[in-house]
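Read off the chains here:
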Amino acid sequence: MRRVFTNASRNFVGSAFDNRVRNARNVLLAAPYFTDGARILAAVQAGRSVRLIVGLNSATSPFELEKLHHLPGLSIRFLTSRFHAKIFIFDDIAMVGSSNLTDGGMMSNREAVVCLDRAEDSDAIDEVKQLFRDLWESAAVLTDEKLAAFKSSWTMVRRKYGDADAEIEAAVGKNQPANISVDSRSPSRERIFLEDLRQLVYEQYRPAFSEVEGILVANHFRRPELAGAGLANETNRFLNWLRLTRVAGDDAWRDAPLRAPEQRRAIVIEAGQAWRDAEQSRVPDDYLDWLGRVDAAFGSAERIAGLSPEEIADGLTALHAFAEQLRFTKGGLSNLPTAFWTANGGDAARVRKTLAHLLYGDGDFIERLHDALYLPRYELGLFGRFCALELFGTVHPERCPPMNGRMAKALRFIGFDVPGG
């Protein structure tokens, strides 16, 4: 079997790449230039779990990235400079060399790519995997906002002369791999929190939630009483039913193994059919009223600005994650609003400011989520991570799923690599 691929005499890097994808479950890819997403798309559609690091620069196509963004089973991160490694890892096989993830790199340019796939290569493969892990930790999550900024900057710099890559880096923000001798200072605590939140939402909760939603829709596992609730809220209710009926106790989700896509699919199909046919769907009779209360209170920045303390509390108690705190509140649900306002000094203006900033502020949602959870001028008492995520996801389901603790535990039980609480 060939060990070196050069794109000469039918000795194509792309063919070696395709052959190894077919037999892999986990694919790790790093390339500074990216213009051809077809192979990545095929891998994800075949059920492979793919992590992709690309360079955001003038040689990478934002349009190809758009085709892949948000695909379940695919996580994308980016670097902007000092990133030159080309690494393709397929389980315990690695290809390392000069090829980028471009048509030229795969098929037409003269390249030199070495395949490490023998027993004597194990140490080298471990080193390559560690390099990928180091790059992955340094890279930033490709969010909607970063992709939009990259596309706008890329389009602009293609129309004029100058330092195109510097222009793009200024638009999306500098992000370089860690290096012992250059920029080796530890990242700030705030940056660590921000990246942790981006990874949690964009690489864990959202892809897992979307995968479940896609299976339910494709198999017509729907409940008539949820007509008009929206697909995200239907999926939320399915996961709630799964948690209540199949995930008894915390050990059930904590001890659940991580599962491959086909195994997760089998679990969702079996449970989805049972949920569709169940007499008790565990959907509250007034669930649509709950959604209406959230919309009435928080459906626009203008509505938030005019809310009374009673209206704010009424909207928040329609959220499971917020109401769940009643078990820690003496007197139960009726006393939860009082406990909330006590925890926040009765300052309705401050609460309105935080909720408006979280839901309708400028910039990346994850940065606003971070503000609401960690920044003193926005942080609220009795309003934790799942409260913020469920509220944002209920108002903006196209941006983030309506996540709460029950959803997270159900996803973990299905076999997704997500934190359950």
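A brief look at the structure comes next. (Residues numbered from 1 in each chain as written. Predicted model: local features only at pLDDT ≥ 70, side-chain atom pairs only at ≥ 80, totals over all residues. Heavy atoms only, no water.)

**Section: the overall build of the chain**
When its secondary structure is counted, the chain shows 20 helices and eight strands. What you see for the chain is a C-alpha radius of gyration of 24 Å, in line with the 22 Å of a compact globule of 421 residues. Structurally, the chain occupies a C-alpha span of about 75 × 50 × 35 Å along its principal axes. Residues counted as buried form 50% of the 421 residues belonging to the chain. Considering only contacts in the chain between residues 6 or more positions apart, those separated by 24 or more positions represent 71%. Approximately 19400 Å² of the chain is accessible, and the part contributed by carbon and sulfur atoms is 50%. Measuring between centres, the 53 positive side-chain charges of the chain sit 2 Å from its 56 negative side-chain charges. (Helix = DSSP H or I, 4+ residues; strand = E, 2+ residues; numbered from the N terminus. Rg over C-alpha atoms; globule rule 2.2 N^0.38 Å. Buried < 20%, exposed > 50% of the residue type's maximum accessible area, 1.4 Å probe, protein only. Contact = heavy atoms within 4.5 Å. Areas by Shrake-Rupley, 256 points an atom, 1.4 Å probe, with all protein chains shown as cover. Lys, Arg positive; Asp, Glu negative; His and termini not counted. Charge placed at Lys NZ, Arg CZ, Asp CG, Glu CD.)

**Side note on the sheet that holds strand 4 (residues 74-79)**
Across a sheet, strands are paired by hydrogen bonds formed along the backbone, either parallel or antiparallel in direction. An order of 1-7-6-5-2-3-4-8 is seen for the eight strands of this open sheet, with the pairing classed as mixed. A single partner strand is all that each edge strand has here, and the edge strands are strand 1 (4-5) and strand 8 (140-141). Where helix 2 (residues 38-45) meets the sheet, it contacts strand 2 (26-31), strand 3 (49-55) and strand 4, and its direction lies at approximately 160° from that of strand 3. In this fold helix 5 (residues 122-138) packs onto strand 2, strand 3, strand 4, strand 5 (87-90), strand 6 (93-97), strand 7 (113-116) and strand 8, with an angle of close to 115° to the strand it touches most, strand 5. (Pairing = 2+ DSSP bridges. Axes fitted to C-alpha atoms, helices over the stretch in contact; angles between N-to-C directions.)

**Structural notes on empty space enclosed by the protein**
Inspection of the entire model under this criterion finds four cavities of 30 Å³ or more. Considered as a void within the structure, the largest cavity measures approximately 140 Å³ in volume. Residue lining of the largest cavity: 14 residues in total, with His69, His70, Leu74, Tyr202 and Arg206 positioned closest to the centre. Those elements giving two or more residues to the lining of the largest cavity turn out to be strand 4 and helix 8 (189-218). With five residues, the single largest contributor to the lining of the largest cavity is helix 8. A per-class count over the lining of the largest cavity returns eight nonpolar, four polar and two charged. By volume, the second largest cavity is sized at about 90 Å³. The wall of the second largest cavity is formed by 13 residues, among which Tyr287, Leu291, Ala318, Glu390 and Thr394 lie closest to the centre. If you tally residues by element for the lining of the second largest cavity, the top one is helix 12 (residues 287-298), at four residues. (1 Å grid on protein atoms, 1.4 Å probe; cavity = no way out; pocket = protein on both sides within 12 Å on 5 of 7 lines; lining within 4 Å. Points joined across faces, edges and corners; volume = space filled by probe spheres on them. Nonpolar A, V, L, I, M, F, W, Y, C, P; charged D, E, K, R; others polar.)

**Remarks on the pairing of strand 6**
Bridge count between strand 5 and strand 6: four bridges; the pairing is antiparallel. From the neighbouring strand, Ile89 faces strand 6, where its bridge partner is Ala94. Counting the residues between successive antiparallel strands, the hairpin from strand 5 to strand 6 contains two residues, one of them, Asp91, with a positive phi of roughly 55°.

**Describing the layout of surface pockets**
Space inside the largest pocket adds up to approximately 1000 Å³. As for the largest pocket, its lining consists of 40 residues, and the residues nearest its centre are Asn26, Ser49, Arg51, Arg264 and Asp417. Elements represented by at least two residues in the lining of the largest pocket include exactly strand 2, strand 3, strand 4, helix 5, helix 8 and helix 11 (261-277). At eight residues, the largest contribution of residues to the lining of the largest pocket is made by helix 8. When the residues that make up the lining of the largest pocket are grouped by side-chain class, the tally is 17 nonpolar, eight polar and 15 charged.

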